[in-house]
There are 2 protein chains.
Amino acid sequence: MLKKERHDFIMRQINLHNRVLTSDLVQLLNVSEDTIRRDLQELVDENLLYKVHGGALSKSYHSSFDDSTVYARESKIAIGKKAIQLIKDGMVVLTGGGTTILELVKLLPQGLSATFFTISPLVAVELAKYNNIEVILIGGLFSKNSQVTYGGQVITQLSEIKADLCLMGTSAIHPDEGLTDTYWEINQLKKAMLACAKRTAVLCISEKLDIALRLRVCPIESISYLITELDNAHESLFRYKEKELNIL
Amino acid sequence: MLKKERHDFIMRQINLHNRVLTSDLVQLLNVSEDTIRRDLQELVDENLLYKVHGGALSKSYHSSFDDSTVYARESKIAIGKKAIQLIKDGMVVLTGGGTTILELVKLLPQGLSATFFTISPLVAVELAKYNNIEVILIGGLFSKNSQVTYGGQVITQLSEIKADLCLMGTSAIHPDEGLTDTYWEINQLKKAMLACAKRTAVLCISEKLDIALRLRVCPIESISYLITELDNAHESLFRYKEKELNIL
DNA sequence: TTTTAATGTGCGTGTTTTTGCGTGTTATTG
DNA sequence: CAATAACACGCAAAAACACGCACATTAAAA
């Protein structure tokens, strides 16, 4: 492999992930650490990236760091960190859309090898940054509001999938009413997602606890994991602990 | 073997693989290293390729699919402006992926009422910003390189669609060889897209003109419109005008 | 046909680039 | 503060390179 190609590869990784580890590059490119270090130094000289102990960072990363337009981003990252513990190598995972799922995906470990089905284009794009993850985007009508695909075709395709784990954002959850939603189409969609996964994890920031909306998706017992940003011992979770439900 | 023949051979290799190694050429052409080096230097002088230690790279080779800095963005906007003239109210349009298409979508008139099928999640998200456009995302395996869905499922779904117009980005176009591509899957995909649309418009920045890659998608006659950023009278387009092809 | 000039090609020589390794130093972590 | 990992520096071998020169081939001029 030519040096220029290596540089291109590194810059590609940087643009994709905003960071690279020296050790990863050594493995991926099959050259010595010194070579990688020299490459990184040369790219620094060209003002293309920012070198740190252990690897390098994207130059634009720091300047555009504050994409804090995401509401309650800190909470969602906390939820994401908990949720990734459920994902193991070799798993087939089904995900919905929403900013919480998106934050989770950004936190996945680089080496993870798994298959992801998703109804969210944005999640698909983010997942595609991981070399060892196979991404299948479930197609259909595209919802302008929730930025996911929906409709009959999606549900048909979901019925053909067998997933180990389903990761689902939530509109509302209530200890007695279970999972609920406002829109018929989204409701149908979530039912279909639940049906095709062995276990389902609901990702839910605390302010959506104890709310019931118009349409019932499923009772609380159909859910395997409830993941919030709260400490496990937090009082808001008492009512949920009484059910057969793992709280993370 | 004549020098010109060697040069043609080298350029062919470059267009095919985006790179050549000096050592490979020495073997393939059975001449001395010096001759190859001189050849490469001459091709550099003609501005046809990019020389590096160990070989040479294609000039139009840009590996990074970097969304922050779209390559040749001005040209792509110019192409987009021309292409939207083809889109009328009520149409069913099929689009591929790529930055050119993405720029086009951003230029669509707000009031446009149409149905768009697309294999690109990013295009879908962008299209969703228009109230009167119905967006159907065609799902399937998601390609990390080209950021579109592909594979058997996509092709099956495409076969069920009847579109008025297909908007397609391009890897390479050549007056004799037609539309060509490097990857089998993308090649199959483009064939399927062509098959389901009444007319096809190829969006192509000028530096991708007159290049032939490994796999043939279709002859030039199968295309209805060729859209570049160049003026209609530009000499680069002469060879294309001879064919039955509308140049915009 | 012969001469002359121009161009193309290969080889020898010396230079530069690239790369991996050994050594010792600096950061990071528990 | 000690163990580990990451780092910087210099060195040496190998590869790639540039340059000049000689020889071959070709083509036009004499």
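Calculation notes
- Residues numbered from 1 in each chain as written.
- Chains lettered and ligands numbered in written order.
- Predicted model: local features only at pLDDT ≥ 70, side-chain atom pairs only at ≥ 80, totals over all residues.
- Heavy atoms only, no water.
- Helix = DSSP H or I, 4+ residues; strand = E, 2+ residues; numbered from the N terminus.
- Buried < 20%, exposed > 50% of the residue type's maximum accessible area, 1.4 Å probe, protein only.
- Contact = heavy atoms within 4.5 Å.
- Buried area = accessible area lost by both parts, 1.4 Å probe.
- Salt bridge = Lys/Arg side-chain N within 4 Å of Asp/Glu carboxyl O.
- Nonpolar A, V, L, I, M, F, W, Y, C, P; charged D, E, K, R; others polar.
- Pairing = 2+ DSSP bridges.
- Axes fitted to C-alpha atoms, helices over the stretch in contact; angles between N-to-C directions.
- Parallel < 35°, antiparallel > 145°, perpendicular 65-115°, else oblique.
- Near = heavy atom within 4 Å.
- Polar contact = N/O pair within 3.5 Å; in protein donor to acceptor, adjacent residues only side chain to side chain.
- Right-handed = clockwise from strand over helix to strand, strands pointing away.
- Arc of directions from axis to C-beta.
- Domains from an automatic or database assignment.

Draft legend 1. Region of interest: the overall build of chain A. Across its full length, chain A holds 10 helices and 15 strands. Judged by the C-alpha coordinates and their principal axes, chain A covers about 60 × 40 × 30 Å. Expressed as a percentage of its 248 residues, the buried residues of chain A come to 52%. Restricting to contacts in chain A with at least 6 residues of sequence separation, those with at least 24 account for 59%.

Draft legend 2. Broad picture of the interface of chain A and chain B. Contacts between the two partners involve 28 residues from chain A, matched on the other side by 37 residues from chain B. Taken over both partners, the interface formed by chain A and chain B buries close to 2,600 Å², and the fraction arising from carbon and sulfur atoms is 60%. Counting the surface chain A buries against chain B, the share from its top three residues, Leu2(A), Arg12(A) and Lys144(A), is 24%. Across the contact surface, chain A and chain B share one salt bridge. Across the salt bridge formed by Arg19(B) and Glu5(A), the nearest N and O atoms sit 3.0 Å from each other. Mapped by element, the contributors of at least two residues to the side of chain A that touches chain B are helix H1 (3-17), helix H7 (121-127), strand S6 (133-137), strand S7 (140-142) and helix H8 (152-158) of chain A. In terms of residue class, the side of chain A that touches chain B is built from 14 nonpolar, eight polar and six charged. Bridge count between S7(A) and strand S6 (residues 133-137) of chain B: two bridges; the pairing is antiparallel. Considered in S6(B), the bridge of Gly140(A) is made with Leu137(B).

Draft legend 3. Quick look at the pattern of salt bridges. Residues and elements named next belong to chain B. Throughout the structure, instances matching the rule amount to 18 salt bridges over all chains. Across the pair Asp176 and Arg239 runs a salt bridge, and its minimum N-O distance is 2.9 Å. Of the two residues, Asp176 sits in the loop between strand S10 (172-174) and strand S11 (178-181) while Arg239 sits in helix H9 (residues 238-241), which places them 63 residues apart along the sequence. Assessed through its relative accessible area of 42%, Asp176 is described here as partly exposed. Exposure remark for Arg239: the relative accessible area of 38% places this residue in the partly exposed category. In this structure, a network of salt bridges that share partners links the residues Asp176, Arg239 and Lys243.

Draft legend 4. Quick peek at the packing of helix H1 (residues 3-17) of chain B against helix H3 (residues 33-45) of chain B. All names here are of chain B. Where H1 contacts H3, the axes come no closer than 10 Å and their chain directions differ by 75°. Taken as axis vectors, H1 and H3 run roughly perpendicular relative to one another. Within the contact between the two elements, H1 uses Lys3, Arg6, His7, Ile10 and Met11 and H3 uses Thr35, Asp39, Leu40, Glu42 and Leu43. Of the residues belonging to the contact of H1 with H3, the class tally is four nonpolar, two polar and four charged.

Draft legend 5. Summary view of the protein's contact with DNA strand D. Around DNA strand D there are 16 residues in total, and Arg37(A), Gly54(A), Asp34(B), Arg37(B) and Gly54(B) lie nearest to it. The contact atoms of DNA strand D, taken as those within 4 Å of the protein, divide so that sugar and phosphate hold 82%. At 3.2 Å, a side-chain N or O of Asp34(A) approaches a base nitrogen of DNA strand D. Interatomic distance of 2.5 Å between a backbone N/O atom of Gly54(A) and a phosphate oxygen of DNA strand D. Counting only elements with at least two residues in the surface near DNA strand D, the list comes to helix H3 (33-45) and strand S2 (49-52) of chain A together with H3 and strand S2 (49-52) of chain B. Here the surface near DNA strand D is built from residues that sort into two nonpolar, eight polar and six charged.

Draft legend 6. Focus on the sheet that holds strand S4 (residues 92-95) of chain A. If you trace the nine strands from one edge of the open sheet to the other, you get S15(A)-S14(A)-S12(A)-S9(A)-S4(A)-S5(A)-S6(A)-S7(B)-S8(B), paired in mixed fashion. Each edge of the open sheet is held by one strand with a lone partner, namely strand S15 (246-247) of chain A together with strand S8 (149-150) of chain B.

Draft legend 7. View of the pairing of S4(A). Residues and elements named next belong to chain A. Relative to strand S5 (residues 114-118), S4 runs parallel, the two being bridged by four bridges. When the sheet's bridge partners are listed, Val93 is paired in S5 with Phe116. Following the backbone out of S4, through helix H6 (residues 99-106) and into the adjacent parallel S5, one traces a crossover that is right-handed. Judged from the three bridges that link them, S4 and strand S9 (residues 163-168) form a sheet pairing that is parallel. Bridging across to S9, Thr95 finds its partner in Leu167.

Draft legend 8. Local environment of helix H2 (residues 22-29) of chain B. Residues and elements named next belong to chain B. Within the span of H2, buried status applies to Thr22, Leu25, Val26 and Leu29. Taken around the axis of H2, the buried residues stretch over an arc of 105°, which confines them to a single face. More than 90 degrees from the buried face of H2, the exposed residues found are Gln27 and Leu28. For H2, the elements touching its buried residues are H1, strand S1 (19-21), H3 and strand S3 (55-58). Just beyond H2, the residue with positive phi is Asn30, at close to 60°.

Draft legend 9. Highlighting the domain arrangement of chain A. All names here are of chain A. Looking at the assigned domains, one finds that chain A contains domain 1 (3-63) and domain 2 (73-247). The C-alpha-based centres of domain 1 and domain 2 are spaced at 34 Å. Residue-level contacts link five residues of domain 1 with four residues of domain 2. Buried surface at the junction of domain 1 and domain 2, both sides included, amounts to about 400 Å², of which 44% is carbon and sulfur. Inspection of the region where domain 1 meets domain 2 yields one residue pair in polar contact (both at pLDDT 80 or more). Going through the elements one at a time, H1 and helix H2 (22-29) are the ones with two or more residues in the side of domain 1 that touches domain 2. Counting residues per element, the side of domain 1 that touches domain 2 draws most heavily on H1, which supplies three residues.

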